[in-house]
Amino acid sequence: MKEIQSNINIVGGGLIGAAAAYSLSKLGNKVVILEQKDKFNHEKILDKRTTAISEGTKKFLEEINIWGDISHHAEPIKNIQIIDRNQSNKLHFDNKRRVSNLGYIVKNEFILDGLYKQLKKQKNVKIFNNVSVKDIFYEENKIVIKQKNFFVSSNILIASDGKNSSIRKIFKTPIYSKDYKKKAIVINFYHSKTHNNTAYEYFFKNGPLAILPMQKNKNNFQSSIVWTNTDKFINSLLSLDDNNIISILNEKTQGSVGEIKKIITKQTFPLKAHLNSKFFENRIIYLGDSAHSFHPIAGQGWNLGMQDVESLYNLTKKYNSLGLELGDEIFCKEFQKDNFFKAYRLYQITDKVDSVFKLENTIFNHARFSVINLIEKSKKIKNQISDFAMGVN
Ligand SMILES: Cc1cc2nc3c(=O)[nH]c(=O)nc-3n(C[C@H](O)[C@H](O)[C@H](O)COP(=O)(O)OP(=O)(O)OC[C@H]3O[C@@H](n4cnc5c(N)ncnc54)[C@H](O)[C@@H]3O)c2cc1C
């Protein structure tokens, strides 16, 4: 049986695995990617979501020379409006104090396309599709994955196999998890008025509804809605025809982008969040959704995963420059030290913000109204919040 030697073996070639593979290969490491689906070859990517890319992530994508390809498809966010129930109670953020934007909306398929295009050019990257990892063992200072016709042996295994990570199941890494018993529906649509590069987030009793500004398609103004609601509501919404869905959305979006003209795509996602009790095992690092997943209320899951990727990139660069072998205990513990708390903090913030905005009685409504008013008037607090959203704090 053939044995493939690499420094780094990456299981899962999604948005995080592909970014990790590319950045680590740029440091000269031999990288193998094992991906369960046929992602690297097929053109039709099924994920029709968009991602709000933070300024912090954009800076790292620039550093590894990948932003150029993605930027052609990115719509800048210049304003954010947070609206509690209706327009009379809202917060407004802009970014006049910096030269950069508040973020960028890009379709996931374009981020993946940009990464795959560059990955295929890297001579030190080997990609295997249609491969599902089940059998793993150790040999001295190597971790080995056994497949039907070959072994991959490496110093370190990066588990970027998503929130239901098989690696995590094989190693029985404990997790803390929460099932919100809700769904997010993502609807891309055309509308009558320009979005003016504004992202809106409406908070309703059953969950938030975000409107994210997309690039124009031909002459059509285009945006994407991410609406969290109960399973029952989302299922009944999906049973309606598009004209009825449009009427409901017109009422909920309160004319922010004019009239909704046409629905382009609809997809739903179950809402669950989790945090691994630790982000490593012996010669294994959990990266992105395999380590943590969040309520999408702040659109930060991938951005935080990209902070993991950047941290792994910097740690690997340090080890490479000192001629040290990747993946030993100190390496794994240093990764944990740099990344666990950030994920714990985001987990708590997204969970608590969701809970606070759900509360519906006179006292809580009044308290929220007062807090929103206070923040709206405080430049300092607003700057701190926008720095957090931009991933630059
Ligand atoms: C509705 C919604 C909206 C969101 N919006 C935003 C946003 O605006 N901004 C943001 O930052 N984040 C957002 N997120 C979060 C973001 O989508 C995720 O954090 C991100 O996609 C995680 O990427 P990943 O590569 O870690 O996992 P995945 O994308 O799940 O990739 C995992 C990969 O591993 C492969 N795989 C799985 N098992 C195996 C196996 N055994 N062997 C080999 N391969 C395997 C899979 O095929 C897949 O390719 C949103 C999430 C949702 C649900």
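Residues numbered from 1 in each chain as written. Predicted model: local features only at pLDDT ≥ 70, side-chain atom pairs only at ≥ 80, totals over all residues. Heavy atoms only, no water.

Engineer: Pulling in residues and values, what's your account of the packing of aromatic side chains?
Structural biologist: The final tally for this structure, using the stated rule, is 11 aromatic pairs. With a centroid separation of 4.7 Å and an interplanar angle of 25°, the aromatic rings of Phe128 and Phe150 are classed as stacked. Taken as a pair, Phe128 in strand S9 (residues 125–128) and Phe150 in strand S12 (residues 150–154) lie far apart in primary sequence, 22 residues in all. Taking the relative accessible area as the measure of exposure, Phe150 reaches 13% and is therefore buried. Directly above the aromatic system of Phe269 lies the positively charged group of Arg49, at a separation of 4.3 Å from the ring centroid. When the ring centre of Phe204 is taken as reference, the NZ or CZ atom of Lys252 above it lies at 4.4 Å. (Phe/Tyr/Trp six-rings, centres within 6.5 Å; stacked < 30°, edge-to-face > 60°. Helix = DSSP H or I, 4+ residues; strand = E, 2+ residues; numbered from the N terminus. Buried < 20%, exposed > 50% of the residue type's maximum accessible area, 1.4 Å probe, protein only. Lys NZ or Arg CZ within 6 Å of the ring centre and 35° of its normal.)

Engineer: Kindly report on the pattern of salt bridges, identifying the contributing residues and their values.
Structural biologist: Between side chains of opposite charge, a pair can form when the charged atoms approach closely. Overall, the coordinates contain 13 salt bridges when judged by the stated rule. Across the salt bridge formed by Asp351 and Lys178, the nearest N and O atoms sit 3.0 Å from each other. In this pair, Asp351 sits in helix H9 (residues 329–358) while Lys178 sits in strand S14 (residues 175–191), placing the two residues 173 residues apart along the sequence. Judged by its relative accessible area of 8%, Asp351 is buried. For Arg283, the salt bridge goes to Glu325, with nearest N and O atoms at 2.7 Å. Taken together, the positions of Arg283 in the loop between strand S19 (280–281) and strand S20 (284–286) and Glu325 in the loop between helix H8 (301–321) and H9 put the pair 42 residues apart, joining distant regions of the chain. One salt-bridge network, in which partners are shared between bridges, spans Lys48, Lys107 and Glu109. (Salt bridge = Lys/Arg side-chain N within 4 Å of Asp/Glu carboxyl O.)

Engineer: A description of the nonpolar core should follow, citing residues and the corresponding values.
Structural biologist: Membership of the largest hydrophobic core comes to 87 residues, with the highest contact counts inside it found for Leu157, Ile167, Ile285 and Leu287. Ignoring anything within four residues of it in the chain, the contact list for Ile167 reads Val11, Val133, Ile136, Leu157, Ala159, Asp161, Ile284 and Tyr286. Counting 19 residues, the second-largest nonpolar core is a separate cluster that includes Ile83, Ile185, Ile187 and Ile245. (Core = buried A, V, L, I, M, F, W, Y, C linked by side-chain atoms within 4.5 Å. Contact = heavy atoms within 4.5 Å.)

Engineer: Would you mind going over the sheet that holds strand S4 (residues 50–53) in detail, with residue names and values included?
Structural biologist: What the 3 strands build is an open sheet, ordered S4-S8-S5; its pairing is antiparallel. At either end of the open sheet lies a strand with only one pairing partner, and these are S4 and strand S5 (75–77). Strand-to-strand twist across the sheet, computed as the mean angle between neighbouring axes with direction ignored, equals 30°. Bridge count between S5 and strand S8 (residues 103–107): 3 bridges; the pairing is antiparallel. Across the sheet, the residue bridging to Pro76 is Tyr104, located in S8. Packing against the sheet, helix H4 (residues 108–121) makes contact with S4 and S8, and its axis sits at approximately 85° to S8. (Pairing = 2+ DSSP bridges. Axes fitted to C-alpha atoms, helices over the stretch in contact; angles between N-to-C directions.)

Engineer: Summarise the side chain of Ser153; cite the residues concerned and give the values.
Structural biologist: Among the structural elements, Ser153 can be located in strand S12. Leave out the neighbours within four places in its chain, and Ser153 touches Glu3, Ile4, Gln5, Ser6, Lys142, Ile143 and Val144.

Engineer: Explain the site of the ligand residue by residue, including any values.
Structural biologist: With respect to spatial proximity, 29 residues lie near the ligand, and among them Glu35, Ala52, Ser166, Asp289 and Trp302 are the closest. Ala52 places a polar main-chain atom, nitrogen or oxygen, 2.8 Å from an oxygen atom of the ligand. A distance of 2.9 Å separates a nitrogen atom of the ligand from a polar atom in the backbone of Gly299. Starting from 1000 Å² of accessible surface for the ligand in isolation, the protein chains cover 89%. Of all elements in the fold, only helix H1 (15–26), S4 and H8 reach the threshold of two or more residues within the shell around the ligand. (Near = heavy atom within 4 Å. Polar contact = N/O pair within 3.5 Å; in protein donor to acceptor, adjacent residues only side chain to side chain. Areas by Shrake-Rupley, 256 points an atom, 1.4 Å probe, with all protein chains shown as cover.)

Engineer: So what about the pairing of S12? Which residues, and what values?
Structural biologist: For S12, a buried count of 5 out of 5 residues is recorded, marking the element as mostly surrounded by other parts of the structure. Residues Phe150, Val152 and Ser154 line one face of S12 and the alternating positions Phe151 and Ser153 line the opposite face, and both faces are buried. By the bridge criterion, 4 bridges tie strand S1 (residues 2–5) to S12 in an arrangement that is parallel. Within S12, the residue paired with Ile4 across the bridge is Val152.

Engineer: Tell me what's going on with the side chain of Ser293, and back it up with residues and numbers.
Structural biologist: Here Ser293 is to be found in strand S21 (residues 292–293). Aside from chain neighbours lying at most four places away, what touches Ser293 is Lys163, Lys272, Ala273, His274 and Tyr347.

Engineer: Any details on the sheet that holds S12? Residues and values, ideally.
Structural biologist: Reading across from one edge, S1-S12-S11-S10 is the order of the 4 strands in this open sheet, with mixed pairing throughout. Each having just a single partner strand, S1 and strand S10 (135–139) make up the two edges of the open sheet. Each strand axis lies, on average, 25° off the axis of its neighbour in the sheet, ignoring direction.

Take it as geometry only, folks, not as evidence of what the structure does.
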